[in-house]
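In case you want the letters, here they are:
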Amino acid sequence: MHRSSFTHTFVLSICMVFVVSVAWCIHAVYISPANSAANALKQSVQIQNKDQLPESTLQTETINTGNSSILSSSTKSDLFQLTNGLRPGQSKPIPAAKDVQEIPVFDVSFYNERGDLISGWLAVSTPNAPVIILAHGTPGDRVDMINRASFLFKHGYSVLLFDFQSYGKSQGVMSTLGMVESGDILAAISFLHSYPDTINSRIGLLGLSMGATASVLAAARSTDISAVLAESCPVDATRVPDDVPNDQVRDADRQLVEEVYGVDITLARPIDVVNKLTGRTAIFFVNGDSDVQTPLDGMKALYSAAGEPKQFWVVSGAGHAQSFDVAKADYETRVDQFFDTYLGF
């Protein structure tokens, strides 16, 4: 009797092992492809020194983003040589948050809509105070925005400074002159609205050059932005001479960004979308009258295309992105008043 019971138990155990083994195999068949894709994404090449980006990275990123490779190796090589402006490199190291003397920042990070980890600093004035997101230009990173962030923080605003994808300490392959970067801003807003001290904060943007492009593009896609200051904002980001010196480079930039990111860089045109802010997002254009990269006529065209509420300020003697340096006191007063008006502070 006991032997029969033992035999019965042994057979049941063997059967259970067999069933579990089969189930695990079936699980592996259906789950492994997803895991493989996730691992491939995690292993995508992220270059911190962008000026040394190898051409092989372009193929890797194309595979990981799911875009089909349609260009020959020789064509990619030509594009790589023409598009150095999309890989400006890092001119200076990003200091540790504790070493920033101007404002009490701390490290934060969040993912953009493409899965790149974006690195930045947050300084909270008081819980739920309005937050100004500062968006740097190209070449550049969050460090370039510290002085502007400092006076805003002293005025009572919380401030978020971050490196756009592919800049500074953030992940990414190359600049897209505001296209993908506008998504970084939207990701920053999502982060702020999930962070306890800023969950109910109103949002303002201060964008410089490429950051201004990204800010206008982001505001055209979001109702969460109450006010935008667009300093030295291009009409068309692919027509800024220092970034895109001629049509050959512009076409190469377009092809390469399409190949790697699957977006059309020639749509980085604030002039086409600024009217979408009408009635919900105030915009303040600031431009120097000596700016040859984003000339005054371009700012006037942007102002004409924008709806109310809107305003502009021409800074005498200022070149590209130099308005703060040329007229610091006036800049601080006007910018504080603008954000106070539209952020209800």
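Everything here concerns the structure above.
All figures in this text were calculated on a predicted structure; none of them were measured in a lab.

Q: Just to check I follow, could you spell out helix α4 (residues 146-155) for this structure?
A: In an α-helix there are 3.6 residues to a turn, and that puts residues three or four apart on one side. Taken across its ten residues, α4 has seven buried, putting it largely inside the fold. By the burial criterion, the buried members of α4 are Ile-146, Arg-148, Ala-149, Ser-150, Phe-151, Leu-152 and Phe-153. Gly-156 lies just past α4 and shows a positive phi near 120°.

Q: Please clarify how the environment of Ser-304 should be interpreted in this entry.
A: Along the chain, Ser-304 falls in helix α9 (residues 296-305). The spacing of Ser-304 and Val-274 is 30 residues in sequence and 9.8 Å in space, taken between C-alpha atoms.

Q: Can you walk me through the packing of aromatic side chains in this structure?
A: What describes a pair of aromatic rings is the distance from one ring centre to the other and the angle between the planes of the rings. Tallied over the full model, the rule gives 14 aromatic pairs. Considering the side-chain rings of Phe-110 and Phe-191, the 5.5 Å spacing of their centres and the 20° angle between planes classify their relative orientation as stacked. Residue Phe-110 is located in strand β1 (residues 106-111), and its partner Phe-191 is located in helix α5 (residues 179-192); the two are separated by 81 residues in the primary sequence. A relative accessible area of 6% means that Phe-110 is categorised as buried. With a centroid separation of 5.9 Å and an interplanar angle of 10°, the aromatic rings of Phe-151 and Phe-324 are classed as stacked. Of the two residues, Phe-151 sits in helix α4 while Phe-324 sits in helix α10 (residues 323-326), which places them 173 residues apart along the sequence.

Q: Before we go on, may I ask you to explain the side chain of Ser-175 in this structure?
A: Mapped onto the fold, Ser-175 is located in the loop between β4 (158-162) and α5. In this structure Ser-175 comes out as buried when scored by relative accessible area, which is 0%. A distance of 2.9 Å separates a polar atom in the side chain of Ser-175 from a polar atom in the side chain of Tyr-167. Setting aside residues up to four positions removed in sequence, Ser-175 forms contacts with Leu-86, Gln-165, Ser-166, Tyr-167, Glu-181, Met-210 and Val-257.

Q: Help me understand the side chain of Arg-87, please; the structure alone is not making it clear to me.
A: Following the sequence through the fold, Arg-87 ends up in the loop between α3 (73-82) and β1. In this structure Arg-87 is buried but unpaired, with Asp-253 as the nearest side chain of opposite charge at 6.9 Å. A distance of 3.1 Å separates the side chain of Arg-87 from the side chain of Thr-83, its partner in a polar contact.

Q: Where do I start with the pairing of strand β2 (residues 117-123) in this structure?
A: Regular strands place their side chains on alternate faces of the sheet. Among the seven residues that make up β2, six are buried, leaving the element largely enclosed by the rest of the structure. As defined by bridge partners, β1 adjoins β2 across six bridges and the pair is classed as antiparallel. Within the sheet, the bridge partner assigned to Ser-109 lies in β2 and is Ser-119. Linking β1 to β2, which pair antiparallel, is a turn of five residues; within it Gly-115 sits at a positive phi near 90°. In terms of strand pairing, β2 meets β4 through four bridges, oriented antiparallel. Directly across from Ala-123, in β4, lies its bridge partner Val-159.

Q: It is not clear to me how unusual backbone geometry should be interpreted in this structure. Could you clarify?
A: Keep in mind that most residues, glycine aside, have a negative phi and that most peptide bonds are trans. In this model, Thr-138 is joined to Pro-139 through a cis peptide bond whose omega is -10°. Its location among the elements puts Pro-139 in the loop between β3 (131-135) and α4. Here the bond from Glu-308 into Pro-309 is cis, since omega is -5°, no more than 30 degrees from zero. Position of Pro-309 relative to the elements: it lies in the loop between α9 and β8 (310-315). The phi dihedral of Ser-166 falls on the positive side, at around 80°, and the residue is not glycine. A relative accessible area of 5% places Ser-166 in the buried class. Not every positive phi belongs to a glycine, and Ser-232 is a case in point at roughly 50°. Summarising the element assignment, Ser-232 is placed in the loop between β6 (225-231) and α7 (247-261). We classify Ser-232 as buried; its relative accessible area is 0%.

Q: Whenever I open this one, the sheet that holds β4 confuses me. Can you help?
A: Strand pairing in a sheet relies on backbone hydrogen bonds, with the paired strands running either antiparallel or parallel. What the eight strands build is an open sheet, ordered β1-β2-β4-β3-β5-β6-β7-β8; its pairing is mixed. The sheet terminates laterally at β1 and β8, the two strands that pair on one side only. Across the sheet, the axes of successive neighbouring strands diverge by a mean angle of 20°, strand direction being ignored. Two elements, β3 and strand β5 (residues 203-208), share five bridges in a ladder whose sense is parallel. Within the sheet, the bridge partner assigned to Ile-132 lies in β5 and is Gly-204. The sheet contacts of α5 involve β1, β2, β3, β4, β5 and β6, and relative to β1 the element is tilted by about 115°. Together, β3, β5, β6, β7 (282-288) and β8 form the strand contacts of helix α11 (residues 328-343), whose direction differs from that of β6 by roughly 160°.

Rules and cut-offs
- Residues numbered from 1 in each chain as written.
- Predicted model: local features only at pLDDT ≥ 70, side-chain atom pairs only at ≥ 80, totals over all residues.
- Heavy atoms only, no water.
- Buried < 20%, exposed > 50% of the residue type's maximum accessible area, 1.4 Å probe, protein only.
- Helix = DSSP H or I, 4+ residues; strand = E, 2+ residues; numbered from the N terminus.
- Phe/Tyr/Trp six-rings, centres within 6.5 Å; stacked < 30°, edge-to-face > 60°.
- Polar contact = N/O pair within 3.5 Å; in protein donor to acceptor, adjacent residues only side chain to side chain.
- Contact = heavy atoms within 4.5 Å.
- Lys, Arg positive; Asp, Glu negative; His and termini not counted.
- Salt bridge = Lys/Arg side-chain N within 4 Å of Asp/Glu carboxyl O.
- Pairing = 2+ DSSP bridges.
- Axes fitted to C-alpha atoms, helices over the stretch in contact; angles between N-to-C directions.

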